[in-house]
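# Summary of structural features
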Amino acid sequence: STHIITKKNPDPTGDHILSVRISLSRCIDGFAFPSTINRKDRRIVESLVKDATESLTDENAEGGAYIPIYSMTNEQNEDLIRRN
């Protein structure tokens with residue numbers, strides 16, 4: 001389920017928050033934990049997460065991108081680390 005914590009924009013001017021990283025560390029209902037999941041289910045989970053991130057419509061989510069780790073260039077990886 002989706003839970004809205006607040007509708008208030010924490011950075012209305014856009015001067016302070018450059019990016020937000022979301023870390024998923026729990027199991028998605030119906031799937032095993034990442035350390036024990038099989039390849040087929042891992043692909044399904046990836047598809048679910050990709051669809052969820054691409055469907056974000058909040059104005060604060062603009063400019064975001066879903067990039068699978070296995071297709072990231074070294075430059076994208078270094079940029080992600082630098083920004084977060």
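Reading the values: rules and limits
Residues numbered from 1 in each chain as written. Predicted model: local features only at pLDDT ≥ 70, side-chain atom pairs only at ≥ 80, totals over all residues. Heavy atoms only, no water. Salt bridge = Lys/Arg side-chain N within 4 Å of Asp/Glu carboxyl O. Helix = DSSP H or I, 4+ residues; strand = E, 2+ residues; numbered from the N terminus. Buried < 20%, exposed > 50% of the residue type's maximum accessible area, 1.4 Å probe, protein only.

Under the definition given, this model contains two salt bridges. Where Arg43 meets Glu46, a salt bridge forms, and the shortest distance between an N and an O atom there is 3.9 Å. One end of the pair, Arg43, and the other, Glu46, are both in helix 1 (residues 39–54), three residues apart, so they sit about a helical turn from each other. Arg43 sits in the partly exposed class, given a relative accessible area of 36%. Arg82 is paired through a salt bridge with Asp79; the nearest N and O atoms lie 2.3 Å apart. Residue Arg82 and its partner Asp79 are both found in helix 2 (residues 74–83); the two are separated by three residues, about one turn of the helix. Taking the relative accessible area as the measure of exposure, Arg82 reaches 63% and is therefore exposed. For Asp79, a relative accessible area of 26% puts it in the partly exposed group.

Nothing here speaks to function; it is all geometry.
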